[in-house]
Number of protein chains: 2
Amino acid sequence: MKTKKVFLTEDEMPRQWYNVLADIKMNPPLGPDGNPISPDMLAPVFPMNLIEQEVSTERWIDIPQEVLEVYNIWRPSPLVRAYNLERALGTPARIYFKNESVSPPGSHKPNTAVPQVYYNKVFGIKKMTTETGAGQWGSALSFACAQFGMECKVYMVRISFDQKPYRKSMMQAWGGTCVASPSTETKAGRDILEKFPDTPGSLGIAISEAIEAAISDETGKTRYSLGSVLNHVMLHQTIIGLEAKKQLAKINEYPDVIIGCAGGGSNFAGLTFPFVLDKINGRNIDIYPVEPEACPTLTRAPFVYDHGDTARYTPLLAMHSLGHAFMPPPVHAGGLRYHGMAPTVSQLASEGIITPKAVTQVDAFKAGILMARSEGIIPAPETNHALACVVQEALKAKEEGKEKVILFNFSGHGLIDLGSYDKYFSGSLQNYELSDSDLLESEKIFESFPKPQLLKSR
Amino acid sequence: MKTKKVFLTEDEMPRQWYNVLADIKMNPPLGPDGNPISPDMLAPVFPMNLIEQEVSTERWIDIPQEVLEVYNIWRPSPLVRAYNLERALGTPARIYFKNESVSPPGSHKPNTAVPQVYYNKVFGIKKMTTETGAGQWGSALSFACAQFGMECKVYMVRISFDQKPYRKSMMQAWGGTCVASPSTETKAGRDILEKFPDTPGSLGIAISEAIEAAISDETGKTRYSLGSVLNHVMLHQTIIGLEAKKQLAKINEYPDVIIGCAGGGSNFAGLTFPFVLDKINGRNIDIYPVEPEACPTLTRAPFVYDHGDTARYTPLLAMHSLGHAFMPPPVHAGGLRYHGMAPTVSQLASEGIITPKAVTQVDAFKAGILMARSEGIIPAPETNHALACVVQEALKAKEEGKEKVILFNFSGHGLIDLGSYDKYFSGSLQNYELSDSDLLESEKIFESFPKPQLLKSR
């Protein structure tokens, strides 16, 4: 039988994460005064051991044994040869995907939720707070908290909370508490509710509530957790690419093209950063982050200093940004509706080491259906964006008659997002066009901020 | 690191199914005249190659290469040591589970959907019809049809169709067509709709529609498919237990207790039949099928001849039955709401080779939550019933201070059934008590049928 799934044994699981900060130059985060922030300034929000990881420039960072043991529930994840997709496309390309949908919450998110909760616990923290939009991140953090016996409180954007009641049940099954945001539990929430009692909520508001809940706990035993964007999140996700590299080596393959969808950047970074290291060292690889045309952070927005959240709680981050008040159209890939992009991913894009692509949501779902019918697995709406690019690249290889090796991240399954497929089949899923003038308008918001330097890492 | 997941390589996947009919005595299915039916009588409904498999008494039956290649999408499935559940229960028992939730539709159902579609295709069939209640089986058959390029038409009980729109989307993602039953597409459906325009539908009606759609197709290229009860379904599911045996042998283990939930019997049979063979040959194993107290087919109903469906389309089958018109209370484990039980499983119970158990739905969900918080995976409501029994056995081992090995089937995940967890958490999940007199009343329906012989296989 042809080998379809390449496994690593549990003993072959990588013991260290790869830290891209060792190999690229970065503009520092800036505080309200325009000066680089110090680690201390983040201490009320994050535990110091994670802050140290956030700023570390060590290339390899040990994965704690306790984290490995929880990873072991679903990792190493399989690397799969997509024979059926190749056949459906009639391509000479060999297509592989890393199946991150096998985790209990169904996506790559627990790769960072688990170590974040672990480090908080080691630091003496008892309770984690976070926000969630579509619900993937809140679910992953609840799962991780259950593993370490920690409390978990999730502020879920009101409109998603109402539309996706099952996400709340999922968090409850893991012992997490999920409330609709804005809530009456925080000052930030109450202020908004007083002004706009019927607000559908937003990620910006939910972040404000989660941060407030963390820093206002008088016992000092609560901290906030973020599921993307930050350096330590990207670090934890590199387990994906490190495993993929080992798995490909087992079958004597190496990718020519690597593809991941990109919202905040974490699943893309997780798969690609270990290969970025090879590219910096001279290897020729095309690396494509794929975003929705409706939220074209890397493809159409400038590399600037901007806030990570709407309410301006975060430091200024050097990144591609559509403006921190940008309201993305309601595409169904909720995980890709973010105005900014991880500073590390943004830096690599600004240097041309990675090459951003954008696809429409209808093309994304079309590719997702092809995946479901050929390889059998129904992808998350976010993952469909990666798949649209995979299809393009596989067809290009067919035109050129080239035996390319394509590797992509199957970041999550779509079993909790079947409502979006329902929309697709009923023909009510639409594309959104953003005019240049709209984008220019939304980007005015960071005009007065300092400008990042254009750094070259090689 | 302690070994948590035991894998087989793709090359180690079993190449044959185990047919329990080689090792047990069975009462034959009877036709309307009270005489054993001949294979020809089933020909309008099933293809002849599957009918031959249904009546075969060969012990080992080869798995076709084409089936193995589709199994290869998710099989061999992992055998997992439930260290965290053991710790949560403080038991000296070693608990293992076979994780059948890793299939794309999320349960064990594709183990038989794939070969059924394959054999139909080989026989020249172009289209499959079936019924579905909660939606697991309709999803699995749609998935299998996508793999072999066959058409798939699913009649889904109206009330579930309305309550679980995502199941329809799932089938659509795989190219299946799903309509609410009763529909206007069949005479059976139209007749019911004329009398009861607002009927919520039933499995009995949906079966009638699916069979009618198959046998009334004038091209002769359509057949019906059933997801449980029949001998060939049990046969296909034995891949679960055959893999588990190999995996346990790799770590020098053998189970003392084996547990599976039982509705029609297929996931239970799949895991246990290969061990039943050992038990028949003298090995000492406790084998427990677990059903809901609200549908106590094996635990409280007699071993009789009865019809497999409400509308009396099927032959008379020798099985434990609550009466073919029995309407089970609305427990959330839809897959366990069946009035009868696979004849093979019934025969083993009647001989005392397996020992049926029943648990309440609230105890089942309690065990499911413990599983979710310890092992990380959220189980299907059906699987929760097996888990309630696992918890009982693990606590018994603790009381007795015995190092038992417990093996159970994790038949499916609960990600499409989170609504039932929502009910559990909101306190509105209730237990149902069935009085003896209610059961006696419903069992009157088969009083006039022939009685099966009490056969002894050993």
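Residue positions are given per chain, counted from 1 along the sequence in the order it is written. Lettering for chains starts from A, numbering for ligands starts from 1, and both go in the order in which the items are written. Totals for whole chains, interfaces and linings use every residue, but because this is a predicted model, local features are given only for residues with pLDDT of at least 70 and side-chain atom pairs only at 80 or more, for both listing and counting. No hydrogens and no water enter the side-chain calculation; it runs on all heavy atoms of the structure.

Q: A description of the environment of B:Asn35 should follow, citing residues and the corresponding values.
A: Mapped onto the elements, B:Asn35 comes out in the loop between strand E2 (16-18) and helix H1 (48-55). It only takes one pair of heavy atoms within 4.5 Å for two residues to be counted as in contact. Apart from residues no more than four positions distant in its own chain, B:Asn35 is found in contact with B:Pro29 and B:Leu30. The way it works is that DSSP assigns letters per residue, a run of H or I at least four long becomes a helix, a run of E at least two long becomes a strand, and they are numbered from the N terminus.

Q: Explain the pattern of salt bridges to me, and be specific about the residues and the numbers.
A: Take a side-chain nitrogen of Lys or Arg and a carboxyl oxygen of Asp or Glu: if they are within 4 Å of each other, that pair is a salt bridge. Evaluated as defined, the whole model comprises 44 salt bridges over all chains. A single network of salt bridges, built from pairs that share partners, joins A:Glu393, A:Lys396, A:Glu400, A:Lys402 and A:Lys404.

Q: Describe the environment of B:Lys444, listing the residues and the values that go with them.
A: Residue and element names in this part refer to chain B. Mapped onto the elements of the fold, Lys444 is located in the segment after helix H18 (436-443). Residues Lys444 and His236, spaced 208 residues apart in sequence, show a C-alpha to C-alpha distance of 34 Å. The definition of a polar contact used here is a pair of N or O atoms within 3.5 Å, where within protein one atom must be able to donate a hydrogen and the other to accept one, and adjacent residues in sequence count solely through side-chain atom pairs. Only 3.2 Å separates the side chain of Lys444 from the side chain of Glu441, close enough to count as a polar contact.

Q: Any chance you could break down the pairing of strand E13 (residues 316-320) of chain B for me, citing the residues and the numbers?
A: Residue and element names in this part refer to chain B. Each residue's exposure class comes from its accessible area (1.4 Å probe, protein chains only) as a fraction of the maximum for that residue type: buried when under 20%, exposed when over 50%, partly exposed otherwise. Among the five residues that make up E13, five are buried, leaving the element largely enclosed by the rest of the structure. Strands were regarded as paired on the criterion that DSSP finds at least two bridges between them. Both strand E12 (residues 303-307) and E13 contribute to a ladder of five bridges, which runs antiparallel. Residue His307 lies in a different strand from E13, and its bridge partner there is Leu316.

Q: Before we move on, could you go through the side chain of B:Ser56 and cite the residues and values that matter?
A: Residue and element names in this part refer to chain B. Here Ser56 lies in the loop between H1 and strand E3 (60-62). Taking the relative accessible area as the measure of exposure, Ser56 reaches 15% and is therefore buried. A polar contact of 3.1 Å, which involves the side chain of Ser56, links it to the backbone nitrogen of Glu58. If near-sequence neighbours (up to four positions away) are discounted, Ser56 is found in contact with Asn19, Leu21 and Ile61.

Q: Tell me about the relation of the copies chain B and chain A, and please be specific about residues and values.
A: Superposing chain B onto chain A takes a rotation of 180° combined with a translation of 0.0 Å along the rotation axis, leaving an RMSD of 0.0 Å. Taken together, the rotation and translation relating the two chain copies correspond to the operation of a two-fold axis. Here 100% of the interface residues in chain B have copies in chain A that are interface residues too; the copies meet face to matching face. Least squares is the method for superposing the copies, and the C-alpha atoms it fits come from residues with pLDDT of at least 70 in both.

Q: Kindly report on the interface of chain B and chain A, identifying the contributing residues and their values.
A: Accessible area lost upon the coming together of the parts serves often as the stated size of an interface. Taken together, the contacts link 46 residues of chain B with 47 residues of chain A. Here chain B and chain A share an interface that buries about 4,000 Å² over both sides, 58% of which is from carbon and sulfur atoms. Accessible-area loss on putting two parts together, using a 1.4 Å probe and summing over both, is the definition of buried area adopted here. Together, B:Met1, B:Lys5 and B:Tyr166 form the three largest contributors to the area buried by chain B at its contact with chain A, with a combined 18%. The interface formed by chain B and chain A holds four salt bridges in total. Taking the shortest distance from any N to any O, the salt bridge between A:Glu10 and B:Lys5 comes out at 3.2 Å. On inspection of chain B and its partner chain A, the count reaches 20 residue pairs in polar contact (both at pLDDT 80 or more). Examining the composition of the side of chain B that touches chain A, we find that six residues originate from one element, helix H7 (residues 165-173) of chain B, more than from any other.

Q: Please give an account of the sheet that holds strand E10 (residues 257-261) of chain B that cites residues and values.
A: Residues and elements named next belong to chain B. Overall, mixed pairing links the seven strands, which are arranged E1-E4-E5-E15-E10-E11-E14 in an open sheet. The sheet is open, and its two edges are formed by strand E1 (5-6) and strand E14 (357-359), each paired on a single side. In terms of strand pairing, strand E4 (residues 79-81) meets strand E5 (residues 94-99) through three bridges, oriented antiparallel. Each bridged residue has a counterpart across the sheet, and for Val80 the counterpart in E5 is Phe97. In the packing of helix H12 (residues 266-280) onto the sheet, contacts are made with E5, E10, strand E11 (286-292) and strand E15 (405-410), and the angle to E10 comes to roughly 155°. Throughout, an axis means a line fitted to C-alpha atoms (over the contacting stretch in the case of helices), and angles, computed between N-to-C directions, take values from 0 to 180 degrees. Contacts from helix H16 (residues 381-400) reach E5, E10, E11, E14 and E15 within the one sheet, and its direction differs from that of E10 by about 155°.

Purely spatial values, then, with no claim about function.
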